[in-house]
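Topology and contacts: notes
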Amino acid sequence: MIRRALLLLLALLLLCAGAGQAQAAGYRYWSFWERDAGHWAYATQGPSLARPSDGDVQGFRFAVSEDSADAARPRGKADFATICAKTPARDGSKRVALVLDFGTASDAPAGETPPATRTACARVSPDATTAEALASVAKPLRYDTNALLCAISGYPEKGCGEQVSQKRTPGQGKPAAEEKPPSDDGPSLGLIAGIAVVALLGGAAIWQVRRRG
């Protein structure tokens, strides 16, 4: 009887793990990035609070992501000298290089086609925020009532941070351009919770067997 209970416990555990891999909840939104030592880093402040310095490179990427650790990086060239080559420096202003990645067709809302990735060099006042730099080169912008950035250059036409489902099969990763930033690849919270529940059920089953014995 104990052996049967343990086999049932193992089956339930595998079922929980497989279910977590099959489908995961995500959100369709614009993520905000900063270029640091030649690599993209997820921004710690929103664009309305961040105040880049002259020569900084920042990026925006539209995609479906589960969270910041899963978010896709901007693609394309991200070199300040290249992006701002045709925008000379001026006294009393700063230049901020922006990479605008509108994402892939698979991440686009139904009926919409993402524009091609592009770059822009924003020349703004020294105290300007990233949001102000973005507005100077990529209008129209759209925000929701909570100041969440919903659209850049009018894309997407509707929607803002809506939740969507992502179906994945075991062993299927993202394409190279969609790889997630480095993070601790530990078990997900859902999987840990599933293991805990199954362990409790398994312990109860074994206790019942011993009690009957």
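Description of the packing of aromatic side chains
Applying the stated criterion across every chain, the model contains 6 aromatic pairs. Where Trp-30 meets Phe-62, the ring centres are 5.4 Å apart and the plane angle is 55 degrees; that geometry is what we call tilted. Pair noted here: Trp-30 is in strand β1 (residues 23–36) and Phe-62 is in strand β3 (residues 57–65), with a separation of 32 residues, a long-range link. Its relative accessible area of 6% is what places Trp-30 among the buried residues. Arranged with centres 5.0 Å apart and planes meeting at 15 degrees, the rings of Phe-32 and Phe-60 form a pair that is stacked. Residue Phe-32 is located in strand β1, and its partner Phe-60 is located in strand β3; the two are separated by 28 residues in the primary sequence. A residue is classified by how much of its surface remains accessible, and Phe-32, at 6% relative accessible area, is buried. Taking the relative accessible area as the measure of exposure, Phe-60 reaches 0% and is therefore buried. In textbook terms, an aromatic cluster arises when at least three aromatic residues are bridged by ring pairs, as seen for Trp-30, Phe-62, Phe-102 and Tyr-155. One Lys or Arg, Arg-35, reaches over the ring of Trp-40 and ends 5.0 Å from the middle of that ring.

Cut-off values and rules
Residues numbered from 1 in each chain as written. Predicted model: local features only at pLDDT ≥ 70, side-chain atom pairs only at ≥ 80, totals over all residues. Heavy atoms only, no water. Phe/Tyr/Trp six-rings, centres within 6.5 Å; stacked < 30°, edge-to-face > 60°. Helix = DSSP H or I, 4+ residues; strand = E, 2+ residues; numbered from the N terminus. Buried < 20%, exposed > 50% of the residue type's maximum accessible area, 1.4 Å probe, protein only. Lys NZ or Arg CZ within 6 Å of the ring centre and 35° of its normal.

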